[in-house]
Amino acid sequence: MKEYIENNVRWLFPLPAALFIVAMMVFPVLYTFWVSLTDWSLASGGEAHFVGLKNFEVLFGEPRFYNALKLTVYFTVLAVAVETVLGVGIALLLNREFRGKDTLKTILLLPMVATPVAIGLAWTLFYEPTVGLANYTMKLLGLPASKWLADQATVIPSLALVDIWEWTPMIALIVMAGLASLPSEPFEAARVDGATPLQIFRHVTLPLLAPTILVAVVLRSIDAFKTFDIIYTMTGGGPGFGSETMNIYAYTLGFQYFRFGAASSALVALLALVLGSSLVVLYFRRRWEV
Amino acid sequence: MKMPKLSTILFYLFALLVILPFLFPLVWIALTSIKTQVQIVAVPPVWIFEPTLENYRRVFVEQEFGRFLLNSTIIAVGSTVFSLILGLPAAYTISRYRQQALGVLILLARLMPGISYLIPWFILFSKLQMVDTYTAMIASHMLVGMPLIVWIMVNYFDGLPRELEEAAQVDGCTLQQTFLKVVLPLSGPGIITASTLSFLFSWNNFMFALVLSADRTKPLPIAIYSFVSYAEVSWGSVMAAAVVIIAPAIILTMFFQRYVIKGLTMGAVKG
């Protein structure tokens with residue numbers, strides 16, 4: 001017996017962690033799958049009846065679902081695209097040794113570690129149409145005032161701007177670390193051959209940096225797709241359904257309407273999307289040896 | 001005295017221009033927190049004014065933020081400590097014995113949208129009559145902290161040389177002894193990175209507390225959010241509360257700057 005334990009102790013090390021994940025993650029997710037096949041809601045008197053795929057039929061016939069899907073993709077693509085361009089730009093421009101670089105990096109960290117709910121509320125005040133700083137700035141720049149969060153046309157870009165403020169530094173810091181780990185030979189060779197800075201960037205820096213940028217973009221996209229805190233605190237999905245992303249939609253179904261069955265089907269759809277796209281990315285990551 | 005070169009001055013000006021947009025909103029939050037409501041809604045904005053601590057008095061005396069500060073601390077420290085206890089040994093054997101299946105499980109836990117747990121957790125903890133207990137709050141936050149800790153520590157252990165462990169095992173140390181006496185003492189930097197991030201993620205978490213906490217265990221993010229559900233928002237108090245909740249995260253980050261950067265950018269840069 002003692003010998004048996006000695007030989008298998010390597011499996012006892014991760015056992016508590018594995019059990020915890022099964023109890024807190026695997027079981028709840030399976031349970032969500034089960035609930036998504038029932039009509040369970042507050043209206044059904046708290047009783048769950050098996051209804052097969054009916055919730056999914058309803059969900060896929062629901063304009064709000066496609067609206068949520070569209071807005072989630074819009075928000076993610078907009079935020080991550082701007083973050084990537086700005087982040088890479090900042091990293092390249094600060095790519096040299098100077099006094100105060102550490103302080104600067106610390107400042108870049110702050111938006112990332114500041115509590116999103118508090119940040120969301122602060123930006124709500126910035127965006128306030130009459131007294132907010134956003135419109136005051138627009139006025140200084142000679143631009144027309146905007147309704148920001150209060151207009152369906154501007155609400156997603158306004159929310160994306162908060163995400164951009166929070167997370168551009170992450171791309172910048174990742175790319176800075178990537179730049180620091182690049183070998184110096186290709187750059188020297190290019191310089192010896194008389195390449196211009198632009199040519200060096202286009203033909204040396206960018207190809208060497210591409211894997212790092214790609215991973216940064218993937219990490220950011222997965223996170224941006226799951227954004228909840230700032231949207232929930234700033235607009236709650238409004239105006240109308242103007243910022244109702246998948247997360248907010250599923251939350252509203254579950255905890256405002258108490259339609260657990262319907263909410264679970266939306267969650268299953270969301271899970272399939274997140275995990276599906278992650279798997280595709282992991283597959284490519286392995287293939288490219290990134 | 002040597003004059004700095006023009007290009008250097010230009011570079012610093014430029015760096016300032018890049019960094020200012022990231023710093024400014026935080027400075028503005030702090031400034032707003034010491035203004036009166038009249039000063040806050042003034043257009044154009046007031047830059048020079050007599051600061052007031054009234055907002056902080058309201059936050060701590062009327063809203064009892066001390067309690068929420070304590071709740072957040074208990075939950076963040078608790079979830080980090082228990083995540084370390086579960087996560088460190090797991091990370092060690094995943095690193096040394098290539099326990100792939102477990103690695104995938106941890107990765108899944110990192111990718112999963114937190115919202116997909118809300119309904120089952122709410123039902124489960126309601127049935128166990130554990131909604132609004134520290135146990136439920138800590139357990140939920142551990143599902144973020146533990147995979148993060150394992151992820152960081154697997155990377156860290158992978159980079160540790162194995163000679164010492166092999167020597168210890170030749171000398172007759174069991175796996176437990178090797179782990180406790182040889183590996184852990186070498187793991188300081190990794191553990192600091194992992195725990196700082198686990199603490200920060202728990203400190204900032206809003207979604208889980210939204211359904212799992214009520215009056216007794218309410219943490220800071222929920223407390224500050226409940227400010228705006230009142231009819232008229234007192235922006236000064238909201239910003240004072242924002243300072244109270246953001247300041248500890250910032251202080252911790254400044255203290256452990258290198259470790260936080262390492263943790264947040266990990267996995268993206270090889271080596």
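Model, not experiment: these values are computed from the prediction. Counting of residues starts from 1 at the beginning of each chain's written sequence and follows it residue by residue. Here chains are named by letter from A upward and ligands by number from 1 upward, in the order in which they appear as written. Local features in this predicted model are restricted to residues whose pLDDT is 70 or higher, and side-chain atom pairs enter the listing and the counts only when it is 80 or higher, whereas totals over whole chains, interfaces and linings include all residues. The basis for the side-chain values is all heavy atoms of the structure; hydrogens and waters are excluded.

Draft legend 1. Looking closely at the overall build of chain A. Regarding its fold elements, chain A presents 13 helices and zero strands. Secondary structure elements follow DSSP: runs of H or I of four or more residues count as helices, runs of E of two or more count as strands, with numbering from the N terminus. In sequence order, chain A lays out its α and β elements as α-α-α-α-α-α-α-α-α-α-α-α-α. We compute the radius of gyration from the C-alpha atoms alone; for a globule the expected value is 2.2 Å times N to the 0.38, where N is the number of residues. Compactness check: chain A gives a C-alpha radius of gyration of 24 Å against a globular reference of 19 Å for 290 residues, more than 25% above the reference. Oriented by its inertia axes, the alpha-carbon framework of chain A measures out at about 75 × 75 × 30 Å. For chain A, the proportion of its 290 residues judged to be buried stands at 51%. Here, two residues are considered to be in contact whenever any of their heavy atoms come within 4.5 Å of each other. If you take every contact in chain A between residues at least 6 apart in sequence, the share linking residues at least 24 apart comes to 66%. Neither His nor the chain ends contribute to the count of charged residues, in which Lys and Arg are positive and Asp and Glu negative. By convention, charge coordinates are those of NZ in Lys, CZ in Arg, CG in Asp, or CD in Glu. Computed over 19 positive and 20 negative side-chain charges, the inter-centroid distance for chain A is 4 Å. The cut-offs for exposure are 20% and 50% of the maximum accessible area for each residue type, with area from a 1.4 Å probe on protein chains only; residues under the lower value are buried, those over the upper are exposed, and the others partly exposed.

Draft legend 2. Main features of the interface of chain B and chain A. With 89 residues of chain B at the contact, the number on the chain A side is 88 residues. Two parts placed together each lose some accessible area; with a 1.4 Å probe, that loss summed over both constitutes the buried area. Here chain B packs against chain A, burying approximately 8,000 Å² in sum over the two surfaces, 82% of which is carbon and sulfur. One speaks of a salt bridge when a side-chain nitrogen belonging to Lys or Arg is within 4 Å of a carboxyl oxygen belonging to Asp or Glu. Counting the contacts that link chain B with chain A gives one salt bridge. Between Asp102(A) and Arg258(B) there is a salt bridge; the shortest N-O distance is 2.9 Å. Any pair of nitrogen or oxygen atoms within 3.5 Å is treated as a polar contact; in protein, a donor-acceptor pairing is required on top of that, and neighbouring residues in sequence qualify only through side-chain atoms on both sides. The interface formed by chain B and chain A holds eleven residue pairs in polar contact (both at pLDDT 80 or more) in total.

Draft legend 3. Examining unusual backbone geometry more closely. All names here are of chain A. Here the bond from Gly238 into Pro239 is cis, since omega is -5°, no more than 30 degrees from zero. Residue position: Pro239 is located in the loop between α11 (229-234) and α12 (246-255). Positioned with a positive phi, Trp148 is a non-glycine residue whose angle comes to about 50°. In this fold, Trp148 is placed in the loop between α7 (133-140) and α8 (155-180).

Draft legend 4. View of the packing of aromatic side chains. Aromatic rings from Phe, Tyr and Trp, taking only the six-membered ring of Trp, are treated as a pair when their centres fall within 6.5 Å; an angle between ring planes under 30 degrees marks them as stacked, one over 60 as edge-to-face, and anything in between as tilted. For the coordinates displayed, the defined rule picks out 38 aromatic pairs over all chains. For the pair Phe255(A) and Phe122(B), a centre-to-centre distance of 5.6 Å together with 85° between the ring planes defines the contact as edge-to-face. Placement of Phe255(A) in helix α12 and of Phe122(B) in helix α6 (residues 118-127) is noted, with the two residues assigned to different chains. Counting every residue linked through ring pairs, the aromatic cluster contains Trp40(A), Phe228(A), Tyr232(A), Tyr251(A), Phe255(A), Phe258(A), Phe260(A), Phe122(B), Phe206(B) and Tyr225(B). Between the NZ or CZ atom of Arg96(A) and the centre of the ring of Phe11(B), over which it lies, the distance is 3.9 Å. As a reminder, the over-ring test applies to NZ of lysine and CZ of arginine, requiring each to be within 6 Å of the ring centre and within 35 degrees of the ring normal.

Draft legend 5. Looking closely at helix α5 (residues 101-113) of chain A. For α5(A), which comprises 13 residues, the first-to-last C-alpha distance of 19 Å matches the rise-based estimate of 18 Å (1.5 Å per residue) to within 8%. Here α5(A) lies mainly inside the structure; ten of its 13 residues are buried. For α5(A), the complete set of buried residues consists of Lys101(A), Leu104(A), Thr106(A), Ile107(A), Leu108(A), Leu109(A), Leu110(A), Pro111(A), Met112(A) and Val113(A). In this structure, the buried side of α5(A) is in contact with α8 of chain A together with α1 (6-32), α10 (188-204), α13 (235-255) and α14 (257-265) of chain B. Expected span of a helix, by definition, is 1.5 Å for each gap between consecutive residues, and there is one gap fewer than residues.

Draft legend 6. Structural view of the pattern of salt bridges. Inspection of the entire model under this criterion finds eleven salt bridges over all chains. For Glu83(A), the salt bridge goes to Arg220(A), with nearest N and O atoms at 3.0 Å. Placement of Glu83(A) in helix α4 (residues 63-93) and of Arg220(A) in helix α10 (residues 197-225) is noted, with a sequence separation of 137 residues between them. Here Asp158(B) ties to Arg98(B) by a salt bridge, and the two come within 2.9 Å at their closest N and O atoms. Taken together, the residues Asp158(B) in helix α7 (residues 134-158) and Arg98(B) in the loop between α4 (65-97) and α5 (100-111) connect sequence positions 60 residues apart. Linked through salt bridges whose partners overlap, the residues forming this network are Glu54(B), Arg57(B), Arg58(B) and Glu62(B).

Draft legend 7. How the structure looks around the nonpolar core. In this structure, Phe20(A), Met25(A), Ile119(A), Phe65(B), Ile224(B) and Ile246(B) are the most contacted members of the largest nonpolar core, which totals 178 residues. The leading source of residues in this core is α8(A), at 16 residues. Setting aside anything within four residues of it in sequence, one finds Ile119(A) in contact with Ala114(A), Val162(A), Trp165(A), Glu166(A), Leu26(B), Ile29(B) and Ile246(B). Buried Ala, Val, Leu, Ile, Met, Phe, Trp, Tyr and Cys residues form a nonpolar core when they are joined through side-chain atoms within 4.5 Å.

Draft legend 8. Highlighting the environment of Ile115(B). Summarising the element assignment, Ile115(B) is placed in the loop between α5 and α6. Separated by 93 residues in the primary sequence, Ile115(B) and Phe208(B) place their C-alpha atoms 8.1 Å from one another. Apart from the residues lying within four places of it in its own chain, the contact partners of Ile115(B) are Phe228(A), Asn247(A), Tyr251(A), Leu267(A), Leu270(A) and Met207(B).

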